[in-house]
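One letter stands for each residue in the lines below.
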Amino acid sequence: MDPLASLALKKDSTLAIIRACQLRGLDVFYLRAEDLHLWQNEACGMMSSLKLREDFCASLDAGIAGEDWFELGDEVRRPLSDMDIIMMRKDPPFDMEYIYATYLLERAEEQGTLVINKPASLRDCNEKFFATAFTDCIPPLVVSRRADILKAFHAEHKNVIYKKLDGMGGASIFRVMENDPNLSVVIETLTEMGQQQIMAQVYLPEIVDGDKRILLVDGEAVPYALARIPSAGETRGNLAAGGRGEGRPLTDRDRMIAERVGPELKRRGLMFVGIDVIGDYLTEINVTCPTCIRELDAQFSLDIAGNLIDAALSKMGPKSD
């Protein structure tokens, strides 16, 4: 996971997952991507036992925490295969270091450790491009690094969102409307002068009603979505970009999209995923570090992290020697 000091205590989903583990009597260990390493042909981690203090666990839903909200043990080297479950909760960027981390986690998986989400699927399922596998659910879009192709799409649709394939939190998302003089520079900037593939997607006016985050646990959708509503003058609903979260029951179309995507997520070992839906369209499938657990739990008295841990415990198999 990310450094403890960097966590947003009022909303971080990983904290809810840790609490769910503690409530089930599980021992939790903390390590960062840089703590993963290969030691004499064995995938290991420099890890410390981690325990959230009882008063913090009790106040977690209210987002209240003092300075001393956790207890951290001494750092020790242990084989990753010692763990029954490893949860990969590292925020992007999804770069080569992230990929190297999945290689190391795969070694533990080979010895029977359950890794959530499956390392190979983390590599295979780009959060924006993966959505294009579900052609009946997505809006009109193109993926290209060529300016002429990206401009032709804009000429056809007039009002287009351009975004990087590896962006997160609403960063580097541009809306380009008809006759916008910045079209060329937006494309040049995002593609790094034609060196990087990007996505162009038709602007969906339903964004004003919210970019809905729907969480799926082992392929099954939580029955409520968190609609992230853009602030005034914004086209991005991401909470990291200033959006406001409002919980809503899933619509019939939301459920249809979740039922369409869910079996493939389960087949790929993607146990905890957040899909994004604007209006009637699937726009992203977030597999690296989905959030919004605590917002939905608080608004609807749910226990999403508990459901996730229970699902993980039900899948634990025998460990190899």
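Please read these numbers as outputs of a predicted model, since none were measured by experiment. (Residues numbered from 1 in each chain as written. Predicted model: local features only at pLDDT ≥ 70, side-chain atom pairs only at ≥ 80, totals over all residues. Heavy atoms only, no water.)

Describing the overall build of the protein
A tally of regular secondary structure across the protein gives nine helices and 17 strands. Considering only C-alpha atoms, the protein reaches an extent of 60 × 45 × 35 Å along its principal axes. Counting all 321 residues of the protein, 49% fall into the buried class. Of the contacts made within the protein by residues no fewer than 6 positions apart, 67% connect residues no fewer than 24 positions apart. (Helix = DSSP H or I, 4+ residues; strand = E, 2+ residues; numbered from the N terminus. Buried < 20%, exposed > 50% of the residue type's maximum accessible area, 1.4 Å probe, protein only. Contact = heavy atoms within 4.5 Å.)

Section: the layout of surface pockets
If you roll a probe as big as a water molecule over the atoms, it shows you where there is empty space left. Within this model, the second largest pocket holds a volume of roughly 650 Å³. Lining of the second largest pocket is provided by 30 residues; of these, Val-28, Phe-29, Ile-85, Ile-86 and Met-87 occupy positions nearest its centre. Sorting the residues of the lining of the second largest pocket by element identifies helix H1 (13-23), strand E1 (29-30), strand E6 (85-87) and helix H9 (304-315) as the ones contributing at least two each. Considering every element that reaches the lining of the second largest pocket, the biggest residue donor is H1, with four residues. Split into classes, the residues belonging to the lining of the second largest pocket amount to 22 nonpolar, one polar and seven charged. (1 Å grid on protein atoms, 1.4 Å probe; cavity = no way out; pocket = protein on both sides within 12 Å on 5 of 7 lines; lining within 4 Å. Points joined across faces, edges and corners; volume = space filled by probe spheres on them. Nonpolar A, V, L, I, M, F, W, Y, C, P; charged D, E, K, R; others polar.)

Observations concerning the environment of Ala-131
One can find Ala-131 in the loop between helix H4 (119-124) and strand E8 (141-144). Overall, the relative accessible area of 1% leaves Ala-131 in the buried class. The contacts of Ala-131, once residues within four sequence positions are left out, are Ile-138, Leu-282, Thr-283, Glu-284 and Ile-285.

Let's talk about the pattern of salt bridges
As a working rule, side chains carrying opposite charge can pair if their charged atoms are close by. The full count for this structure, using the stated rule, is 24 salt bridges. Here Arg-267 ties to Glu-264 by a salt bridge, and the two come within 2.7 Å at their closest N and O atoms. Here Arg-267 pairs with Glu-264, and both are found in helix H7 (residues 252-267), just three residues apart, close to one helical turn. Assessed through its relative accessible area of 59%, Arg-267 is described here as exposed. Put simply, Asp-211, Arg-213, Arg-228 and Asp-276 are held in one network by salt bridges that share partners. (Salt bridge = Lys/Arg side-chain N within 4 Å of Asp/Glu carboxyl O.)

Notes on the sheet that holds strand E11 (residues 198-202)
Here four strands make up an open sheet; going across it, the order is E8-E11-E9-E10 and the pairing antiparallel. This sheet does not close on itself; its edge strands, each paired only once, are E8 and strand E10 (173-176). When strand polarity is set aside, the average angle formed by the axes of neighbouring strands in this sheet is 20°. Here five bridges tie strand E9 (residues 160-164) to E11, and the two strands are oriented antiparallel to one another. Each residue of the ladder has a partner; that of Lys-163, found in E11, is Met-199. Sitting on the sheet, helix H5 (residues 147-157) is in contact with E8, E9, E10 and E11, with an inclination near 5° to E11. Strand contacts of helix H6 (residues 183-191): E9, E10 and E11, with the helix running at about 25° to E9, the strand carrying the most contacts. (Pairing = 2+ DSSP bridges. Axes fitted to C-alpha atoms, helices over the stretch in contact; angles between N-to-C directions.)

Observations concerning the packing of H5 against H6
At a minimum axis separation of 11 Å, H5 and H6 run at an interaxial angle of 135°. Our classification of the angle between H5 and H6 gives oblique. Note on packing geometry: the crossing formed by H5 with H6 is right-handed. Within the contact between the two elements, H5 uses Ala-147, Leu-150, Lys-151 and His-154 and H6 uses Leu-183, Ser-184, Ile-187 and Thr-191. Its residues assigned to classes, the contact of H5 with H6 comprises four nonpolar, three polar and one charged. (Parallel < 35°, antiparallel > 145°, perpendicular 65-115°, else oblique. Left-handed = near helix turned anticlockwise from the far one by under 90°.)

Quick look at empty space enclosed by the protein
Tallied over the entire structure, the rule returns one cavity of 30 Å³ or more. As for the largest cavity, its lining consists of Met-87, Met-88, Arg-89, Ile-116, Asn-117, Phe-272, Val-287, Thr-288 and Pro-290. Per-class residue counts for the lining of the largest cavity are six nonpolar, two polar and one charged.

Description of H5
Residues of H5 that are buried: Leu-150, Phe-153 and His-154. Along the long axis of H5, the arc covered by the buried residues comes to 100°, so they all point the same way. The inward-facing, buried residues of H5 contact E8, E9, E10, H6 and E11. Lys-158 lies just past H5 and shows a positive phi near 70°. (Arc of directions from axis to C-beta.)

Concerning the packing of aromatic side chains
All told, the structure shown has six aromatic pairs when counted by the stated rule. Note on Trp-69 and Phe-70: the rings are 4.6 Å apart at their centroids and 70° apart in plane angle, and the pair reads as edge-to-face. In this structure an aromatic cluster arises from ring pairing among Phe-56, Trp-69 and Phe-70. The ring of Trp-39 has Arg-77 lying over it, and the distance from NZ or CZ to the ring centre is 3.7 Å. Positioned above the aromatic ring of Phe-29, the side-chain terminus of Arg-78 is 5.0 Å from the ring centre. (Phe/Tyr/Trp six-rings, centres within 6.5 Å; stacked < 30°, edge-to-face > 60°. Lys NZ or Arg CZ within 6 Å of the ring centre and 35° of its normal.)

As for a nonpolar patch on the surface
On the surface, Met-96, Tyr-100 and Tyr-103 cluster together to form a nonpolar patch covering roughly 310 Å² of accessible area. Here Met-96 is to be found in helix H3 (residues 96-110). (Patch = residues over 30% accessible without salt bridge, like charges linked within 9 Å, V, L, I, M, F, W, Y side chains within 5 Å. Areas by Shrake-Rupley, 256 points an atom, 1.4 Å probe, with all protein chains shown as cover.)

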